[in-house]
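A structural walkthrough
So the chains spell out like this:
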Amino acid sequence: METIICLIRHGQTDWNKKKMIQGRINNPLNSEGINQVKEVGLILKEKDPNWDIIIASPLTRAIDSAKIIAKELNYQKDIIINNDVIERDFGEAEGEFITEEIYDKIKHDDVINLEKSFDLQNRAYNALLDIAKTYPGKKILIATHSHFIKGFFTKISSEFTFTSPLYNASRNYVYIKNDQVVKYLFNITD
């Protein structure tokens, strides 16, 4: 039985626009971010409207993204909050502007209190396998974050890195069967 998971990166925040590292800082969507996730909801409504479950990270930008998409899909069930799909803890880098220097430190796990890449990759991978086991054969939307998504994709394939582009409100599909990832699509935008 195949489980289909669509990881949606939350819509834009002011910190995304300013190119600041927000990590677990609880920033809201800005007006552009609201429009981005509305558009994703409309695209899904037109192309792929039937979803069994919607899950969100506990951060406001992900919860609000999930709510907006759910409204566009006329999804009537509760949105499930899952702490395992929260953004990476960037430690002392949170609140910093993204520069080549700071990103190099993140890539080398050289930031105080940073969730290490290996730990993030395993958290993301195990979270999605657990969700697939909990909801076998279901279609699941998850509103989550850039590094959570990249953590998963860098775990399953060397074609991805933590610097691979990943746009706000992009869709990223994972197909899981018998505890194995059998297919995936990364950074889908229309």
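Residues numbered from 1 in each chain as written. Predicted model: local features only at pLDDT ≥ 70, side-chain atom pairs only at ≥ 80, totals over all residues. Heavy atoms only, no water.

Here the structure, examined in full by the defined rule, presents 7 aromatic pairs. Each ring, one from Phe153 and one from Phe160, has its centre 5.2 Å from the other, and the planes form 75°; the classification is edge-to-face. Accessibility assignment for this pair places Phe153 and Phe160 in one class, buried. A ring pair is formed by Phe160 and Phe186, whose centres lie 4.6 Å apart and whose planes are at 45°; its orientation type is tilted. Highlighted residues: Phe160 in the loop between α6 (146–156) and β5 (171–177) and Phe186 in strand β6 (residues 180–188), separated in sequence by 26 residues. On the accessibility criterion, Phe186 (17% relative accessible area) is buried. In textbook terms, an aromatic cluster arises when at least three aromatic residues are bridged by ring pairs, as seen for Tyr125, Phe152, Phe153, Phe160, Tyr184 and Phe186. Lys139 extends its terminal NZ or CZ atom over the ring of Trp51, reaching a point 4.4 Å from the ring centre. (Phe/Tyr/Trp six-rings, centres within 6.5 Å; stacked < 30°, edge-to-face > 60°. Buried < 20%, exposed > 50% of the residue type's maximum accessible area, 1.4 Å probe, protein only. Helix = DSSP H or I, 4+ residues; strand = E, 2+ residues; numbered from the N terminus. Lys NZ or Arg CZ within 6 Å of the ring centre and 35° of its normal.)

A word on the sheet that holds β6. Strand order in this open sheet of 6 strands is β3-β2-β4-β1-β5-β6, and the pairing throughout is mixed. The open sheet has two edge strands with one neighbour each: β3 (80–81) and β6. For strand β1 (residues 2–9) and β5, the ladder comprises 7 bridges, and the chain directions are antiparallel. Paired with Ile8 across the two strands is Arg171, which belongs to β5. Its contacts with the sheet place helix α3 (residues 60–73) against β1, β2 (53–56), β3 and β4 (139–144), and it is angled at close to 140° to β4. (Pairing = 2+ DSSP bridges. Contact = heavy atoms within 4.5 Å. Axes fitted to C-alpha atoms, helices over the stretch in contact; angles between N-to-C directions.)

A word on α6. With 9 of 11 residues buried, α6 is to be regarded as a mostly interior element. Those residues of α6 that fall on the buried side of the exposure criterion are Ser146, His147, Phe148, Ile149, Lys150, Gly151, Phe152, Phe153 and Thr154. Close packing links the buried residues of α6 with β1, α4 (100–107), α5 (117–134), β4, β5 and β6.

By size, the foremost hydrophobic cluster in this structure holds 46 residues, and its most contacted members are Ile5, Leu7, Leu44, Leu128, Leu141 and Ile142. Once residues lying within four places of it in the same chain are set aside, the contact partners of Leu7 are Leu128, Ile142, Thr144, Phe148, Ile149, Phe153, Ser170, Arg171, Asn172 and Val174. Counting 7 residues, the second-largest nonpolar core is a separate cluster that includes Ile21, Ile102, Ile106 and Val111. (Core = buried A, V, L, I, M, F, W, Y, C linked by side-chain atoms within 4.5 Å.)

The next point concerns helix α2 (residues 31–47). Taking 1.5 Å as the rise per residue, α2 with 17 residues should run 24 Å; its terminal C-alpha atoms sit 24 Å apart, in good agreement. Within α2, burial applies to Gly33, Gln36, Val37, Val40, Gly41, Ile43 and Leu44. In an axial view of α2, the angular spread of the buried residues amounts to 160°, which keeps them on one side of the axis. With respect to the buried face of α2, the exposed residues turned more than 90 degrees away are Ser31 and Glu46. The elements touched by buried residues of α2 are β1, α3, β4 and β5. Its side-chain oxygen at 3.2 Å from the backbone nitrogen of Glu32, Asn30 defines the N-terminal cap of α2. (Expected span 1.5 Å × (residues − 1). Arc of directions from axis to C-beta. Polar contact = N/O pair within 3.5 Å; in protein donor to acceptor, adjacent residues only side chain to side chain.)

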